[in-house]
Amino acid sequence: MDLEVFNDPEIVKKLSETIKNKESSRINRTVKIMHICGTHENSIVRFGLRDLLPENIKVIAGPGCPVCVTSSRDIDAIIDLALSENVRITTFGDMLKVPGTKLSFQKAHSLGADIQMVYSIFDAIEQTRSSKKPNIFFACGFETTAAPTASALIDLDIPDNFFIYSVHKYTPKGVYALLKSGKINMDGLILPGHAATISGLEVYERFVKDFGIPCVSAGFEAADVLLAILLILKQINSGTPKVENGYKRVINYEGNKKAQEALNEVFFLDSAIWRGLGEINETGYELNRNYSRFDAKKNFGIKYPDNFIEHQKGCRCGEVILGNITPLECHLYAKRCTPEDPIGPCMVSDEGTCKNWYDGGGIE
Amino acid sequence: MCLGIAMKVVEIYDSGIDGIVEGGGVKRHCFFHMIDDLKVGDYVIVHAGCAIEKIEEEEANENLKLIEQCLLGEENGS
Ligand code: SF4
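All values reported here derive from a predicted model rather than from experimental measurement. (Residues numbered from 1 in each chain as written. Chains lettered and ligands numbered in written order. Predicted model: local features only at pLDDT ≥ 70, side-chain atom pairs only at ≥ 80, totals over all residues. Heavy atoms only, no water.)

I'm lost on the sheet that holds strand β1 (residues 31-35) of chain A in this one. Help?
Backbone hydrogen bonds are what pair the strands of a sheet, in a parallel or an antiparallel way. All names here are of chain A. Pairing is parallel across the open sheet formed by five strands, whose spatial order is β2-β1-β7-β8-β9. Each edge of the open sheet carries a strand with a single partner, namely β2 (57-61) and β9 (243-245). For this sheet, the mean inter-axis angle between neighbouring strands, taken without regard to orientation, is 25°. Two elements, β1 and strand β7 (residues 188-192), share three bridges in a ladder whose sense is parallel. Paired with His35 across the bridge in β7 is Ile190. Packing against the sheet, helix α10 (residues 222-238) makes contact with β1, β2, β7, β8 (215-218) and β9, and its axis sits at approximately 165° to β8. (Pairing = 2+ DSSP bridges. Helix = DSSP H or I, 4+ residues; strand = E, 2+ residues; numbered from the N terminus. Axes fitted to C-alpha atoms, helices over the stretch in contact; angles between N-to-C directions. Contact = heavy atoms within 4.5 Å.)

This is the structure in structure tokens:
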């Protein structure tokens, strides 16, 4: 199967010309198109797609980085536990440098906490087999990562000393709530290719119904992203907003049923704190009663600090995540805040907007 | 962390729920429990050690057709 064709320079050029000459020229205003997936930002920066778009088409990164929306409250709580009890914490590499109120996982590690990086929940489970102490997997990620967590708990033989601290979040409800509260606004939404593989597209119908926003799913090659932008502009021009599938080779409208069943079996949706954005109902995956033996929050009597700080003074991650400013508008960007020494979470993960811009050379 | 990558299934273990995938010259262990009817040679999107969906050849062609249609509309001036 030739998937490289979705990066064919000729196709990419034609798509960008069609966007420019045919669709955008018919719109006499600035159109703000938001994506909500860190990997889309990565593709947009890597392929230089913003340079291929006309002046009046702005593509903005929304709340699409799970690491960036993980609250300091949870980071502080698990670090406190790691420093006070004989436990091992495992988590994804992207989490390690994310600052909590005082410490990051990496700094806690240098103070003696047992914190290990893993690539997946499967690695975390394997590591636990050879460990004598309780191992707690700090499980971060949207539905794309929550589904593997759920499947692993259902299908695998899991050692008794393995636990989960879930900070998994459900994207569609979070973005809908932010839109409803007026915290974010947009003229079109690029749906997250891989998260939507799990959730399916139906959950996005109410974005169209309630806000009249064109919603198009997209893959991660250059032509995929441009196709979604083109389809959104076509919908705007024809006045017929709808949910459209621009990533047919992977996404089914219904989503991945097996993954959805696993999620429903293992988790329920509770209110969750999104870093810098506050509490949002029914967006946090918490373990169901039948799986509570894995729940670190319950089994270790996690105490939440009340005085946690989401963003350090001067860090504008909260506004970056909402797409209200670009990283260049933060005066710490690339000066005091770099991937080596990040001040906010958006400069840490490969899905963080500040990190993507920094790596892409947007440092002037 | 959330980067999903297209990879080819090169081996499925007897359990049926895991095996080996390959992409860009790299081989990796992968879980398949979210996908039915997987065969060696199929392409999947791998995310955090787990295949989250199969890439359908037929749908990939349709995907390409959708792009072509959008571009053809341009050339015909429609
Ligand atoms: S550049 Fe750093 S300090 Fe500024 S918003 Fe981004 S992460 Fe926060």
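We are not done yet, so read on.
I tried to follow the state of the cysteines on my own but got confused; where do I start?
Defined simply, a disulfide is a covalent bond joining two cysteines at their sulfur atoms. Under the definition given, this model contains one disulfide over all chains. Each disulfide pairs two cysteine sulfurs, and for A:Cys65 the partner residue is A:Cys68, the sulfurs being separated by 2.3 Å. Taking the sign of the S-S torsion, about 75° here, the bridge from A:Cys65 to A:Cys68 comes out right-handed. The burial state of A:Cys65 is the same as that of A:Cys68; both residues are buried. Unpaired in this structure, B:Cys50 has its nearest cysteine sulfur neighbour in B:Cys30, at a distance of 6.3 Å. By relative accessible area, B:Cys50 is classed as buried at 0%. (Disulfide = S-S within 2.5 Å. Buried < 20%, exposed > 50% of the residue type's maximum accessible area, 1.4 Å probe, protein only.)

What should I look at first to understand the interface of chain B and chain A in this one?
The extent of an interface is frequently quoted as the accessible surface area lost upon association of the parts. At the interface, 36 residues of chain B touch 47 residues of chain A. Summed over both sides, the interface between chain B and chain A buries roughly 3800 Å², with carbon and sulfur atoms accounting for 68% of that surface. Seen at the junction of chain B and chain A, the total is two salt bridges. A:Lys248 serves as the salt-bridge partner of B:Glu62, at 3.3 Å between the closest nitrogen and oxygen. Elements with a contribution of two residues or more to the side of chain B that touches chain A: β4 (43-47), β5 (50-55) and α1 (57-75) of chain B. Ranked by the residues each element gives to the side of chain B that touches chain A, the list is headed by α1(B), at 13 residues. For the side of chain B that touches chain A, the residue count by class is 20 nonpolar, seven polar and nine charged. (Buried area = accessible area lost by both parts, 1.4 Å probe. Salt bridge = Lys/Arg side-chain N within 4 Å of Asp/Glu carboxyl O. Nonpolar A, V, L, I, M, F, W, Y, C, P; charged D, E, K, R; others polar.)

Please clarify how helix α11 (residues 257-266) of chain A should be interpreted in this entry.
A turn of α-helix holds 3.6 residues, and therefore any two residues three or four places apart point the same way. Residue and element names in this part refer to chain A. Ala259, Gln260, Ala262, Leu263 and Val266 are the residues of α11 that are buried. Summarising the axial view, the buried residues of α11 lie within an arc of 160°, below the 170-degree limit, and thus occupy one face. Turned more than 90 degrees from where α11 packs its buried face, Glu261 and Asn264 sit exposed. Measuring from the backbone nitrogen of Lys258 back to the side-chain oxygen at the start of α11 gives 3.1 Å, which picks out Asn256 as the cap. (Arc of directions from axis to C-beta. Polar contact = N/O pair within 3.5 Å; in protein donor to acceptor, adjacent residues only side chain to side chain.)

Sorry, what's going on with the sheet that holds strand β5 (residues 135-141) of chain A here?
Residue and element names in this part refer to chain A. The four strands are arranged β4-β3-β5-β6 in an open sheet whose pairing can be described as parallel. Lying at the two open borders of the sheet, with one neighbouring strand each, are β4 (114-118) and β6 (162-168). For this sheet, the mean angle separating the axes of adjacent strands, direction not counted, is 25°. Bridge count between β5 and β6: seven bridges; the pairing is parallel. Counterpart to Ile136 in the pairing with β6 is Phe163. Lying on the sheet, helix α3 (residues 72-84) is in contact with β3 (88-92), β5 and β6; it crosses β5 at an angle near 165°.

So what exactly am I meant to see when it comes to the side chain of A:Asn161 here?
Residue and element names in this part refer to chain A. With respect to the helices, strands and loops of the structure, Asn161 is situated in the loop between α6 (143-155) and β6. For Asn161, a relative accessible area of 15% translates into the label buried. A distance of 3.1 Å separates a polar side-chain atom of Asn161 from the backbone oxygen of Lys133. Setting aside chain neighbours within four positions, we find Asn161 in contact with Thr128, Ser131, Lys132, Lys133, Pro134 and Asn135.

Sorry, what's going on with the environment of A:Gly278 here?
Residue and element names in this part refer to chain A. Following the sequence through the fold, Gly278 ends up in strand β11 (residues 278-287). Sequence spacing of Gly278 and Ser71 is 207 residues, and the spatial spacing of their C-alpha atoms is 9.0 Å. Excluding residues that lie within four positions of it along the chain, Gly278 makes contacts with Ala272 and Ile273.

What exactly am I supposed to notice about the confidence of the model for chain B here?
Residues shown with low pLDDT carry predicted positions that ought not to be read at fine detail. The predicted model of chain B has a mean per-residue pLDDT of 86, with 88% of residues at 70 or higher. Note on the complex model: pTM 0.92, ipTM 0.87. (pLDDT = per-residue confidence, 0-100.)

So what exactly am I meant to see when it comes to the pairing of β7(A) here?
Walk down a regular strand and you will see the side chains alternate between the two sheet faces. All names here are of chain A. In terms of burial, β7 is a largely internal element, five of the five residues being buried. Bridge analysis of β7 against β8 gives four bridges, and the strand direction is parallel. Its bridge partner lying in β8, Leu189 is registered against Cys215.

Can you walk me through the domain arrangement of chain A in this structure?
Residues and elements named next belong to chain A. In terms of domain boundaries, chain A breaks down into domain 1 (1-303) and domain 2 (317-356). One C-alpha centre belongs to domain 1, the other to domain 2, and the line joining them spans 17 Å. The interface of domain 1 with domain 2 comprises 26 residues on the first partner and 20 residues on the second. Where domain 1 abuts domain 2, roughly 1800 Å² becomes buried across the two surfaces, and 60% of that area is made up of carbon and sulfur atoms. Looking only at domain 1, the three residues that lose the most surface to domain 2 are Cys68, Asp94 and Lys97, adding up to 26% of its buried area. Where domain 1 packs against domain 2, one counts five residue pairs in polar contact (both at pLDDT 80 or more). Going through the elements one at a time, β1, α2 (38-46) and β2 are the ones with two or more residues in the side of domain 1 that touches domain 2. No other element matches the five residues that α2 contributes to the side of domain 1 that touches domain 2. Grouping the constituent residues of the side of domain 1 that touches domain 2 by class yields 15 nonpolar, five polar and six charged. (Domains from an automatic or database assignment.)

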